[in-house]
Amino acid sequence: MTSTLDVPVSAAANTPPLPKRRRQRNGPLIALLLGPSVILITLFIVLPAFYSIYLSLTNTQLTGFAARDPQFVGLDNFTYLLSNADFLGSLGQTATFTLFSAIIGQTVLGMVAAILLSRPWLRGKGLFGAAVLMPMIVPEVVASLAWASVLSNNSEGTLNRLTGLFGADPTDWLQVVPLTSIIIVNIWRGVAFAMIMFQAALEDVPAELIEAARIDGASAVQVFRHVTLPLIRGPVFLYLLLTTISTVGVFGLVYFLTQGGPGGQTRIAAIYIYERALQFSQIGIGSAASIILLVIVLVLGIVYVRLAKVEV
Amino acid sequence: MATAVAPTAPAPSHRKMRRRPLTPLDRVQRTLGYVLIALLAVFCLVPFAWVVFSAVDANAGPNVQWPALSFDNFVQFFTNRGTPLLLVNSLIISVTATVINLALGLAGGYALARFRFAGRRAFMFGILLIRVVPAPATIVALYLIMVNIGLSNTLIGLIIVEAAFQLPVTLWLLAGTIAAVPIELEEAAWMDGNSRLQAIWRIVLPLVGPGLGAAAMLSFMNVWGDFLTPLVLLQSTDLYPLSIGLFRAFSEYNQVDWGLLAASAIVYLVPPAVLYMFVRKHLLRSSLGGAVKG
């Protein structure tokens, strides 16, 4: 980062052009103000990303023989991973997890909540809104702990009692349908963020347009499909981008409940990386998995940005 | 629980906004709307039942049951040997990291807002792009770096890392907030004989309160709730924050003290919940404002 130099270009529109002398004296000041931030970000965010690339090309281990003398192994880690059923399965689980929890579940429920809470006739908005927000504002460990009791295999577990009302036998949810369970947990946690984003977007839709469409005889569903939705397209794609990124990075919520089990059925990519690198101490392979994950996220990000025509 | 029975009667209409009378279809739609939102609220709140009930239950177990009301679990949390330390560690880590993050973010945000220099736009874009990187993807390399510079398994190491993690958002937020303060105010202060830093201290700082508050809260909540980073960077039990302490306590399948666990969870969730209620309004405003500028 060599960005702390001050050059005499014509300044951007909204700052009054300062005299040249003055601007050159600002160099050290800028370095002083921004320098520490640049150093911290470089050292603890940018450097690890590049260091991962290096590590992914070696057979670095935490312990054992290769720990003392890591060798350069080229793309071996990548060819290993891309032909490894566990890793490919893990990517598949990450995709399923993200698709059903973030892109479908949170988006649909968040949109329903945002639309209902924007109805003028709905009473108790504050109460309903606060209820939906609760899952988001508690730490993820508390969220997992709360769900551990809901999904408990015990016949007295909350969900088992509920299904028991319909005559079903108690089930060990995290053993029988682990992936579905964590998808539902993650939907629960993310509805609020979707709701907030969509509420802000809906506020910007001119009420006259809705009114006009209603007067022309459009049903509520038609209005939403043909008037509202096209108008909030940008924010919706922006939300999809943000939620996809944060869902791919989910770790604690799932690790707390299943630790990747049973039999690796909930071993999403974040858990795969953690297991490989820090529990089996295969740093090289773990780093290669990180890089693959990173590339996928970057590609997704670019696709979304293009679809949404977001200007950053 | 707060899932009040949905009143299906139409809201009393204001005199000015008199509408056509409700058609049967409207009534059905409204009823359906109340049912939906009530179901959603129940879905969101029911999982908390166990945590809330068990925390005040003298004989708490792993399942929801009507509590034998007592605050023994909380007394235990604050008097046990290990548990108060979890809270202290969490506070030390989150408060210190937030203070460092704000100090650096304020200085850096000022530079980004007030000066046009080469690489400024690239830097702003870069810190936006950093948000794309999922934390688990860099944690392994970060761990090795921390081991190499001798800061793994130390609170100071974790604090610096957490402060750095929150910097991109803080910089972005504060750059936007500071740019909204008219430069003329500062120039007037310079005329009165203040130095640049004095002007920042006396003029800018008091005016960016809401943005600063939002940044502080966001940063504190993220550090407070972080699970992965302390899990990887800390190995000593006496350095654990609440997140790791709760996880370890829960994982000891045979001898979980459910009441104590639930009480710890309540202690752990109160600070972010209270903070959120405080700055909820500022948050949306300043995060949107910060996102639009740049």
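For clarity, every value in this text was computed on a predicted model and none was experimentally measured.

Parameters and conventions
Within each chain, residues carry numbers counting from 1 in the order of the written sequence. Chain letters and ligand numbers both follow the written order, the letters beginning at A and the numbers at 1. Under the rules for a predicted model, residues below a pLDDT of 70 receive no local features and side-chain atom pairs below 80 are neither given nor counted, while totals for whole chains, interfaces and linings still include all residues. With hydrogens and water excluded, all non-hydrogen atoms of the structure serve as input to the side-chain values. What counts as a helix is a DSSP run of H or I of at least four residues, what counts as a strand is a run of E of at least two, and both are numbered from the N terminus. In this scheme, a residue with accessible area under 20% of its type's maximum is buried, one over 50% is exposed, and one in between is partly exposed, where area comes from a 1.4 Å probe on protein chains only. It only takes one pair of heavy atoms within 4.5 Å for two residues to be counted as in contact. Using a 1.4 Å probe, accessible areas were evaluated by the Shrake-Rupley method; residue-level cover was limited to the displayed protein chains. Only one rule defines a salt bridge in this text: a Lys or Arg side-chain nitrogen within 4 Å of an Asp or Glu carboxyl oxygen. UniProt positions are given in the numbering used here, feature names are shortened, and annotations may be inferred rather than shown by experiment. Buried area is understood as the total, over both parts, of accessible area removed when two parts are fitted together, assessed with a 1.4 Å probe. Axis definition: a line fitted to C-alpha atoms, over the contacting stretch in the case of helices. Angles run 0 to 180 degrees between N-to-C directions. It is the rotation of the near helix from the far one that decides the hand of a crossing: anticlockwise by less than a right angle makes it left-handed, clockwise makes it right-handed. Arc, as used here, means the arc of the directions from the helix axis to the C-beta atoms. Patch definition: residues above 30% relative accessible area lacking any salt bridge, with like charges linked at up to 9 Å and the nonpolar side chains Val, Leu, Ile, Met, Phe, Trp and Tyr linked at up to 5 Å. Expected span of a helix: the number of residues minus one, times 1.5 Å. Across the chain, bend at a residue is computed as the angle between axes fitted to the seven residues ending at that point and the seven starting from it. Here a pair means two rings of Phe, Tyr or Trp (six-membered ring of Trp) with centres within 6.5 Å. Their orientation is stacked below 30 degrees between planes, edge-to-face above 60, and tilted elsewhere.

Undergrad: Give a description of the overall build of chain A that names residues and reports values.
TA: Each helix and strand counted, chain A has 15 helices and zero strands in total. The buried share among the 312 residues of chain A stands at 50%. A separation of at least 24 residues holds for 67% of the contacts in chain A among residues at least 6 apart in sequence. Of the roughly 14,700 Å² of accessible surface on chain A, a fraction of 65% belongs to carbon and sulfur atoms.

Undergrad: So what's going on with the pattern of salt bridges? Residues and values would help.
TA: Residue and element names in this part refer to chain A. This structure, assessed with the given rule, holds three salt bridges over all chains. Here E156 and R161 are joined by a salt bridge, their closest N and O atoms 3.4 Å apart. Close ionic contact of R267 with E275 constitutes a salt bridge, the shortest N to O distance being 3.0 Å. For the pair shown, R267 and E275 are each scored as buried.

Undergrad: Describe the UniProt feature "transmembrane region" (unreviewed entry) in chain B, with residues and values.
TA: Residue and element names in this part refer to chain B. The UniProt feature table records "transmembrane region" (unreviewed entry) at residues 32-53, 91-113, 125-149, 155-183, 203-224 and 258-279. For residues 125-149, helix accounts for 76% and strand for 0%, while the C-alpha atoms at its two ends are 29 Å apart. In residues 155-183, helix accounts for 90% and strand for 0%; the two terminal C-alpha atoms are 40 Å from one another.

Undergrad: Which residues make up the interface of chain B and chain A, and what values go with them?
TA: Residue-level contacts link 90 residues of chain B with 93 residues of chain A. Taking both partners together, chain B and chain A bury about 8,300 Å²; carbon and sulfur atoms supply 80% of that area. Of all residues in chain B, the largest losses of buried area upon contact with chain A belong to I37(B), R116(B) and V140(B), amounting jointly to 8% of the total for that side. One can count zero salt bridges joining chain B with chain A. For the side of chain B that touches chain A, the element with the most residues is helix α1 (residues 24-45) of chain B, which contributes twelve residues.

Undergrad: Run through the packing of helix α4 (residues 83-114) of chain B against helix α7 (residues 155-179) of chain B, naming residues and quoting values.
TA: Two elements in contact, α4(B) and α7(B), have axes separated by 6 Å at closest approach and are oriented at 35°. Between α4(B) and α7(B) lies a crossing of right-handed hand.

Undergrad: Account for the environment of G105(B), with residues named and values stated.
TA: Its place among the elements puts G105(B) in helix α4. Judged by its relative accessible area of 0%, G105(B) is buried. The spatial distance from the C-alpha of G105(B) to the C-alpha of P168(B) is 8.3 Å, given a sequence separation of 63 residues. Each residue touching G105(B), except ones within four places of it in the same chain, is listed here: S37(A), L167(B), T170(B), L171(B) and L174(B).

Undergrad: Got a sec to walk through helix α8 (residues 183-191) of chain B? Specific residues and values, please.
TA: Residue and element names in this part refer to chain B. Inspection of α8 places I183, E186, A189 and W190 among the buried residues, and these make up the whole buried set. Down the axis, α8 shows its buried residues gathered within 120° of arc, on one side only. Every exposed residue of α8 that faces more than 90 degrees away from the buried side is listed here: E184 and M191. Just beyond α8, the residue with positive phi is G193, at close to 95°.

Undergrad: Lay out a nonpolar patch on the surface in plain terms, naming residues and giving numbers.
TA: On the surface, L99(A), F100(A), I104(A) and V108(A) cluster together to form a nonpolar patch covering roughly 330 Å² of accessible area. You can see I104(A) is positioned in helix α4 (residues 85-117).

Undergrad: Tell me what's going on with α7(B), and back it up with residues and numbers.
TA: All names here are of chain B. The terminal C-alpha atoms of α7 lie 35 Å apart, and with 25 residues this matches the ideal 36 Å at 1.5 Å per residue to within 8%. L167 marks where α7 bends most, by close to 45°; the proline P168 follows one to four residues later. With 20 of 25 residues buried, α7 lies mostly within the body of the structure.

Undergrad: Outline the packing of aromatic side chains, supporting the account with residue identities and numerical values.
TA: This structure, assessed with the given rule, holds 24 aromatic pairs over all chains. A centroid spacing of 5.1 Å and a plane angle of 55° characterise the contact between F87(A) and Y272(A), whose relative ring orientation is tilted. Taken together, the positions of F87(A) in helix α4 and Y272(A) in helix α14 (residues 269-279) put the pair 185 residues apart, joining distant regions of the chain. Residues F87(A) and Y272(A) agree in their burial class; the two are buried. When the ring of Y255(A) is compared with that of F247(B), the centres are 5.6 Å apart and the planes differ by 40°; the resulting orientation is tilted. With Y255(A) in helix α13 (residues 252-258) and F247(B) in helix α12 (residues 242-251), the pair connects residues from two separate chains. Across the pair, F247(B) and Y255(A) agree in class, each one buried. Counting every residue linked through ring pairs, the aromatic cluster contains F251(A), Y255(A), F256(A), Y274(A), W50(B), F227(B), F247(B), F250(B) and W258(B).

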